[in-house]
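# Geometric and topological summary
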Amino acid sequence: MPAFDHQGLRAKIAGAAVSLSDNAIAPALVAAAIGQGGATLTAHGALSVETGAFTGRSPKDKFIVRDGLTADRVWWDNSGAMAPAQFDVLLNDIERHLAGQALFRQDLLAGADPDNQYDVTVLTPSAWHALFIRNLLIRRDDGIAISDRAMPVTIVHAPLFQADPARHGCRSETVIALDMSRNLVVIAGTRYAGEIKKSVFSLFNFHAPDQDVLPMHCSANLGPEGEAALFFGLSGTGKTTLSNDPNRPLIGDDEHGWSAKGVFNLEGGCYAKTVNLSAKAEPEIHAATRRFGTVLENVVLDAGNVPMFEDVSLTENTRAAYPIHVLPSIAKGSVGGTPKTVVFLTADAFGVLPPLARLSPDQAVYHFLSGYTAKVAGTERGVTEPQATFSACFGAPFMPLHPTVYGAMLAQRLEQSGAQAWLLNTGWIGGAYGTGKRIDIASTRRLLSAALDGELDGVDMRFDPLFGFEVPMSVPGVDERLLDPRQCWADGDAYDVQATKLVALFRKNFEKFGPEANADAGPKLQMAAE
Ligand code: ATP
Ligand code: MN
């Protein structure tokens with residue numbers, strides 16, 4: 001099959017525009033966004049925008065073109081399928097919709113490793129989305145090694161286009177469609193900017209294993225001897241918060257590859273949650289929200305245009321998007337060597353998991369495949385039952401292949417590197433949500449640095465009979481009682497009931513992986529059987 005003519009498509013769409021802003025930098029994009037309406041400068045100079053109806057991703061509206069390349073490889077239980085002809089109709093209709101509009105074109109890169117790089121062009125009629133993706137991906141003048149063999153990707157962004165399910169084979173007027181064979185993406189009917197960055201990630205997650213690269217939904221930073229640490233976790237579990245550490249240069253915020261050479265960032269920016277953001281607990285992120293060029297999404301401003309980060313009236317999922325180089329401490333070239341530590345973050349609203357546990361390699365793969373976290377349910381009539389979420393590889397919506405493909409690669413990488421895996425619970429202790437409280441960021445950071453710095457190599461560990469992992473008996477600087485969740489609960493029996501409930505959920509979820517995955521490395525209903 002001849003290579004798809006990306007240059008031709010890009011030129012055609014740009015050529016049909018009434019005007020084209022070509023690779024504009026932040027000041028011009030900020031001015032254009034304000035001119036287009038709906039964007040305001042905050043008191044500190046960041047650009048504040050609202051995304052309207054969609055304040056988060058729309059995973060059910062995401063489709064992969066089902067063709068010869070993808071039919072037998074994509075895990076269709078987890079992804080919607082679109083026929084190639086429907087994709088072409090959709091792309092054509094969007095081209096016509098964009099023709100005659102003022103367009104913004106950004107030519108960026110994804111992949112800080114020249115052997116694993118994408119040449120990404122985004123075309124959008126929205127100035128602030130152009131600024132967003134310029135902040136999030138790698139800019140050509142970032143000093144990242146650029147390959148002339150980078151794989152072209154074209155993203156056509158039409159936030160105001162309304163898709164037609166009958167005509168385009170989608171589910172609603174919102175559609176995110178990915179053609180893995182030609183590396184084309186169309187995004188329509190949503191203004192949530194995170195869709196753009198996550199679509200690049202989805203392409204990478206499909207292709208990377210062919211290049212012997214493990215694609216990962218994780219943040220990454222470097223220790224004092226240049227040893228990398230990875231932080232996996234679902235949304236809101238602390239990847240961005242905990243990887244920002246003045247003593248550990250940041251490799252990247254959210255998406256990485258692990259090749260035979262080591263870890264590399266896919267992106268060139270950060271997309272931080274800002275709910276309840278404080279200068280004290282998260283100084284680097286807080287400072288980044290006060291700079292010109294940063295995009296603040298769905299953050300409510302006061303009368304003087306000062307952000308009110310505690311205000312969740314638009315959404316809990318308020319965000320700041322900024323280039324990685326605004327942070328005080330970043331890794332040169334956005335790469336790191338072979339990881340020494342792998343941390344799985346979870347925010348356990350059941351209050352069952354210990355705040356820190358050491359995992360064997362098999363347990364690491366078990367928790368990677370499970371991808372557990374728990375949210376607090378809505379407070380309808382005062383009911384606050386936790387809701388478990390299991391999302392394979394800590395990122396199921398953007399991992400197109402079967403999770404065991406990524407799981408097997410992780411197992412191999414852990415074996416080759418000898419990296420130590422940990423489970424870090426940033427969620428509730430002393431009871432479930434409602435009774436207990438969320439562990440404070442300072443205690444979590446203390447536990448994390450003890451694990452990262454090898455402080456726990458010689459300390460006594462207790463064996464956890466339910467989960468089978470090891471839990472440190474003491475960590476300097478942390479109240480010992482915190483380390484044993486059962487001791488934190490006022491009623492030990494109530495803890496056992498809750499723990500049994502969670503173990504059953506883990507086991508039930510794991511059944512979907514079939515016999516290939518090692519369920520024995522997971523928790524056992526031992527307590528209930530006794
Ligand atoms: P996403 O994948 O959506 O980017 P993320 O894993 O990067 O999610 P963060 O942006 O780090 O998640 O969000 C963690 C949130 O939880 C922050 O708002 C942080 O302030 C809050 N938080 C509260 N307690 C803790 C804790 N003990 N550890 C980490 N974060 C905590
Ligand atoms: Mn994050």
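Reading guide: rules and limits
Residues numbered from 1 in each chain as written. Chains lettered and ligands numbered in written order. Predicted model: local features only at pLDDT ≥ 70, side-chain atom pairs only at ≥ 80, totals over all residues. Heavy atoms only, no water. Salt bridge = Lys/Arg side-chain N within 4 Å of Asp/Glu carboxyl O. Helix = DSSP H or I, 4+ residues; strand = E, 2+ residues; numbered from the N terminus. Buried < 20%, exposed > 50% of the residue type's maximum accessible area, 1.4 Å probe, protein only. Near = heavy atom within 4 Å. Polar contact = N/O pair within 3.5 Å; in protein donor to acceptor, adjacent residues only side chain to side chain. Areas by Shrake-Rupley, 256 points an atom, 1.4 Å probe, with all protein chains shown as cover. Pairing = 2+ DSSP bridges. Axes fitted to C-alpha atoms, helices over the stretch in contact; angles between N-to-C directions. Contact = heavy atoms within 4.5 Å. Core = buried A, V, L, I, M, F, W, Y, C linked by side-chain atoms within 4.5 Å. Domains from an automatic or database assignment. Buried area = accessible area lost by both parts, 1.4 Å probe.

### Describing the pattern of salt bridges
For the structure on display, the rule yields 27 salt bridges. When the shortest N-O distance is used, the salt bridge between lysine 261 and aspartate 113 registers 3.0 Å. Of this pair, lysine 261 sits in the loop between strand 15 (256–259) and strand 16 (262–265) while aspartate 113 sits in strand 6 (residues 102–113); the two residues are 148 residues apart in sequence, bridging distant segments of the chain. Between aspartate 142 and arginine 139 there is a salt bridge whose closest N-O contact spans 2.9 Å. The class for aspartate 142 is partly exposed, based on a relative accessible area of 26%. Residues joined in a network through salt bridges with shared partners are Lys197, Lys198, Asp254, Glu255 and Glu267.

### Some details on the site of ligand 1
Close to ligand 1 lie 21 residues; Ser235, Lys239, Thr241, Glu282 and Arg319 are nearest. Between an oxygen atom of ligand 1 and a side-chain N or O atom of threonine 241, the distance comes to 2.8 Å. Isoleucine 439 places a main-chain nitrogen or oxygen 2.9 Å from a nitrogen atom of ligand 1. Expressed as a share of its isolated accessible area of 650 Å², the protein-covered part of ligand 1 is 92%. When contributions to the shell around ligand 1 are tallied by element, the ones reaching two or more residues are helix 7 (239–243), strand 17 (269–273) and helix 11 (441–452). Residue contributions to the shell around ligand 1 peak at three residues, all from helix 7.

### A look at the sheet that holds strand 2 (residues 39–41)
With respect to topology, five strands assemble into an open sheet ordered 2-3-18-19-17, the strand pairing being mixed. Lying at the two open borders of the sheet, with one neighbouring strand each, are strand 2 and strand 17. Strand after strand, the sheet turns through a mean of 25° between neighbouring axes, direction not considered. Pairing geometry for strand 2 and strand 3 (residues 47–49), over three bridges, is antiparallel. Among the inter-strand pairings, leucine 41 is bridged to a residue of strand 3, identified as leucine 47. Sitting on the sheet, helix 2 (residues 26–36) is in contact with strand 2 and strand 3, with an inclination near 125° to strand 2.

### Some remarks on the nonpolar core
Soluble globular proteins tend to bury their nonpolar side chains together. Judged by nonpolar contacts, the single largest core of 109 residues is most densely connected at Val120, Ile155, Leu230, Phe232, Phe344 and Phe467. No fewer than three residues from each of domain 1 (6–335) and domain 2 (340–529) sit in this core. Counting 24 residues, the second largest nonpolar core, distinct from the first, contains Ala17, Leu90, Leu123 and Leu184.

### A word on helix 4 (residues 127–136)
With respect to burial, helix 4 is a largely interior element, 10 of its 10 residues being buried. Listed as buried for helix 4 are Ala127, Trp128, His129, Ala130, Leu131, Phe132, Ile133, Arg134, Asn135 and Leu136.

### Overview of unusual backbone geometry
You will see that asparagine 23, though not glycine, has its phi angle at about 55°, which is positive. Within the element layout of this structure, asparagine 23 appears in the loop between strand 1 (19–22) and helix 2. Overall, asparagine 23 belongs to the partly exposed group, its relative accessible area being 27%. At asparagine 298, a residue that is not glycine, the phi angle is positive and equals roughly 60°.

### Description of the domain arrangement of the chain
Segmenting the chain into domains produces domain 1 (6–335) and domain 2 (340–529). Computed over C-alpha atoms, the centres of domain 1 and domain 2 are 29 Å apart. Every contact between the two is made by 41 residues of domain 1 and, on the other side, 40 residues of domain 2. Interface area for domain 1 against domain 2, summed over the two sides, is near 3,400 Å², with a carbon-plus-sulfur share of 67%. For the domain 1 face of the interface with domain 2, the top three residues by lost area are Trp75, Phe232 and Leu234, together amounting to 22%. For arginine 413, the salt bridge is made with aspartate 212, and the minimal N-O distance between the two is 3.6 Å. Going through the elements one at a time, strand 4 (62–65), helix 6 (194–207), strand 11 (214–216), strand 13 (228–233), helix 7 and strand 15 are the ones with two or more residues in the side of domain 1 that touches domain 2. In terms of residues, the side of domain 1 that touches domain 2 owes the most to one element, strand 13, which gives six residues.

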